[in-house]
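# Analysis of the macromolecular model
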Amino acid sequence: MHAHDVYDYAIVRVVPRVEREEFINAGVILSCQRSGYLQAAIALDDARLLALDPDVDLQAVYRHLGSIVAICAGVPEAGPIGQLPYRARFHWLTAKRSSMIQTSPVHTGLCSDAGSALERIMARMVLPLGSAQR
């Protein structure tokens, strides 16, 4: 029987007007050190974001969210940050910042499959309620 692996995750938040401190959850970054897993899943609800700020630059938001996915994947387009070891990328992505894209504090869990854990957290914390079977 395979032992459970420890994973760390953070929720990706879009904060269209930082001074108001209002945000919506837009994704999850999950890292599992034992398996070398680092991946982000993104699902932005444009209507909810526009309700917080009708003037938000959606293209800029999508560009920034896409860079999170690219950094996790370590693709060349991710630049120097994308070439760091995966744990350093996770810590860089989850560092506290005051910008339009922020992350929650890092949380820890146990799983037997990191990809399934990422899907489960997305369904629970990001996707609209009732959109996934519970």
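Rules and cut-offs
Residues numbered from 1 in each chain as written. Predicted model: local features only at pLDDT ≥ 70, side-chain atom pairs only at ≥ 80, totals over all residues. Heavy atoms only, no water. Helix = DSSP H or I, 4+ residues; strand = E, 2+ residues; numbered from the N terminus. Rg over C-alpha atoms; globule rule 2.2 N^0.38 Å. Buried < 20%, exposed > 50% of the residue type's maximum accessible area, 1.4 Å probe, protein only. Contact = heavy atoms within 4.5 Å. Areas by Shrake-Rupley, 256 points an atom, 1.4 Å probe, with all protein chains shown as cover. Lys, Arg positive; Asp, Glu negative; His and termini not counted. Charge placed at Lys NZ, Arg CZ, Asp CG, Glu CD. Core = buried A, V, L, I, M, F, W, Y, C linked by side-chain atoms within 4.5 Å. Polar contact = N/O pair within 3.5 Å; in protein donor to acceptor, adjacent residues only side chain to side chain. Salt bridge = Lys/Arg side-chain N within 4 Å of Asp/Glu carboxyl O.

An unreviewed UniProt entry lists the protein under the name DUF3037 domain-containing protein, with Comamonas koreensis as the source organism.

Within the protein one finds four helices and five strands. Taken from the N to the C terminus, the helices and strands of the protein come in the order β-β-β-α-α-α-β-β-α. Its C-alpha atoms give the protein a radius of gyration of 15 Å, near enough to 14 Å, the size a compact globule of 134 residues would have. Taking the principal axes of the C-alpha coordinates as reference, the protein spans close to 50 × 40 × 20 Å. Within the protein, buried positions represent 40% of all 134 residues. At a minimum sequence separation of 6, the contacts of the protein that also span at least 24 residues come to 60%. Accessible area for the protein stands at about 7800 Å²; split by element, carbon and sulfur atoms hold 54% of it. The centroid of the 13 positive side-chain charges in the protein is displaced by 7 Å from the centroid of its 13 negative side-chain charges.

Let us look at the nonpolar core. Within the largest apolar cluster, 20 residues are counted, with the highest numbers of intra-cluster contacts made by Val14, Ile29, Leu44, Val61, Leu65 and Ile68. Elements supplying a minimum of two residues to this core: strand 1 (5-14), strand 2 (24-32), strand 3 (37-42), helix 2 (58-73) and helix 3 (86-93). Counting residues per element, this core draws most heavily on helix 2, which supplies six residues. Other than its neighbours up to four places away in sequence, Leu44 contacts Val14, Ile24, Ala26, Leu49, Val61, Tyr62 and Leu65.

Moving on: the side chain of Gln102. Turning to its location among the elements, Gln102 is positioned in strand 4 (residues 101-103). Taking the relative accessible area as the measure of exposure, Gln102 reaches 18% and is therefore buried. A distance of 3.0 Å separates the side chain of Gln102 from the backbone oxygen of Ser99, its partner in a polar contact. Excluding residues that lie within four positions of it along the chain, Gln102 makes contacts with Ile11, Val12, Arg13, Val15, Val18 and Arg97.

Below, the discussion takes up the pattern of salt bridges. One pass over the full model with this rule turns up four salt bridges. The partner of Asp5 in a salt bridge is Arg34, and the shortest N-O contact between them spans 3.2 Å. One end of the pair, Asp5, is in strand 1; the other, Arg34, is in the loop between strand 2 and strand 3, and 29 residues separate them in sequence. Accessibility expressed as a relative area gives 61% for Arg34, which makes it exposed. A salt bridge links Arg17 to Glu19; its shortest N-O distance comes to 3.3 Å. Classification of Glu19 as exposed rests on a relative accessible area of 58%.

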